[in-house]
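Observations on the three-dimensional arrangement
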Amino acid sequence: MLLRRSAPPDRPAPRLVHGYLVVDPQHARATRGDRELELTATEFRILELLMTQPGRVLSRPTIYEAVWEEPFVADDAAVKTHLSNLRTKLRAVGPDEDPIETVWGLGYRMRALPTGA
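Overview of the structure. (Residues numbered from 1 in each chain as written. Predicted model: local features only at pLDDT ≥ 70, side-chain atom pairs only at ≥ 80, totals over all residues. Heavy atoms only, no water.)

This part takes up the overall build of the chain. Each helix and strand in the chain was counted, giving three helices and six strands. Going residue by residue from the N terminus, the α and β elements of the chain occur as β-β-β-β-α-α-α-β-β. Taking as baseline every contact in the chain between residues at least 6 positions apart, the subset at least 24 positions apart corresponds to 45%. Accessible area of the chain: about 8100 Å², with a carbon and sulfur share of 51%. (Helix = DSSP H or I, 4+ residues; strand = E, 2+ residues; numbered from the N terminus. Contact = heavy atoms within 4.5 Å. Areas by Shrake-Rupley, 256 points an atom, 1.4 Å probe, with all protein chains shown as cover.)

Let's shift gears to the nonpolar core. The biggest cluster of nonpolar side chains holds 24 residues, and the ones touching the most others in it are L47, L50, I63, L83 and I100. Broken down by secondary-structure element, the contributors of at least two residues to this core are strand 2 (21-24), helix 1 (41-52), helix 2 (60-68), helix 3 (77-93) and strand 6 (107-110). Counting residues per element, this core draws most heavily on helix 1, which supplies six residues. (Core = buried A, V, L, I, M, F, W, Y, C linked by side-chain atoms within 4.5 Å. Buried < 20%, exposed > 50% of the residue type's maximum accessible area, 1.4 Å probe, protein only.)

Glancing now at the environment of P61. Counting through the fold element by element, P61 comes out in helix 2. Each C-alpha atom of the pair P61 and V79 lies 8.4 Å from the other, and the pair is 18 residues apart in sequence.

What helix 2 keeps buried is the set I63, Y64 and V67. Taken down its axis, helix 2 places every buried residue within 100° of arc, on the same side. In this structure, the buried residues of helix 2 make contact with helix 1, helix 3 and strand 6. (Arc of directions from axis to C-beta.)

Glancing now at the packing of helix 2 against helix 3. The interhelical angle for the contact between helix 2 and helix 3, taken along N-to-C directions, is 85°, at an axis separation of 9 Å. Classified by the interaxial angle, the pair formed by helix 2 and helix 3 is roughly perpendicular. Packed against helix 2, whose contacting residues are R60, I63, Y64 and W68, the element helix 3 presents A78, V79, K80, H82 and L83 at the interface. The class makeup of the residues in the contact of helix 2 with helix 3 is six nonpolar, one polar and two charged. (Axes fitted to C-alpha atoms, helices over the stretch in contact; angles between N-to-C directions. Parallel < 35°, antiparallel > 145°, perpendicular 65-115°, else oblique. Nonpolar A, V, L, I, M, F, W, Y, C, P; charged D, E, K, R; others polar.)

All right, on to helix 3 then. Over its 17 residues, helix 3 runs 25 Å from end to end, which matches the ideal 24 Å to within 8%, given 1.5 Å per residue. All buried positions along helix 3 are accounted for by V79, L83, L86, R87, L90 and V93. Angularly, the buried residues of helix 3 cover 125° about the axis, an arc narrow enough to put them on a single face. (Expected span 1.5 Å × (residues − 1).)

Everything listed here is a matter of coordinates, which is why it stays silent on function.
Here is the structure:
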């Protein structure tokens with residue numbers, strides 16, 4: 001008689017926190033302070049990707065391949081457009097700072113938090 005081995009239950013993804021910005025991957029929810037962000041699925045995945053690798057500069061091809069799960073093609077307009085929309089939505093609920101930093105010629109990363117944040 002063979003017994004089926006049951007796979008261990010998936011662990012819920014931990015919440016990601018960057019100052020007042022919180023991403024809850026398990027519930028596909030992002031908040032800034034006490035305000036929920038109305039993000040598209042693609043914007044959410046980009047934000048989640050950046051927050052899972054704080055301080056690391058991610059190139060547009062890297063972001064594209066991670067979010068769209070297909071090889072990058074020469075046109076990076078999709079990444080630029082979604083990042084622009086994401087930044088607009090972040091500024092709408094927290095106009096004091098843009099947590100996404102552009103590293104010219106290289107890509108994007110989460111901006112370093114001020115000391116004590």
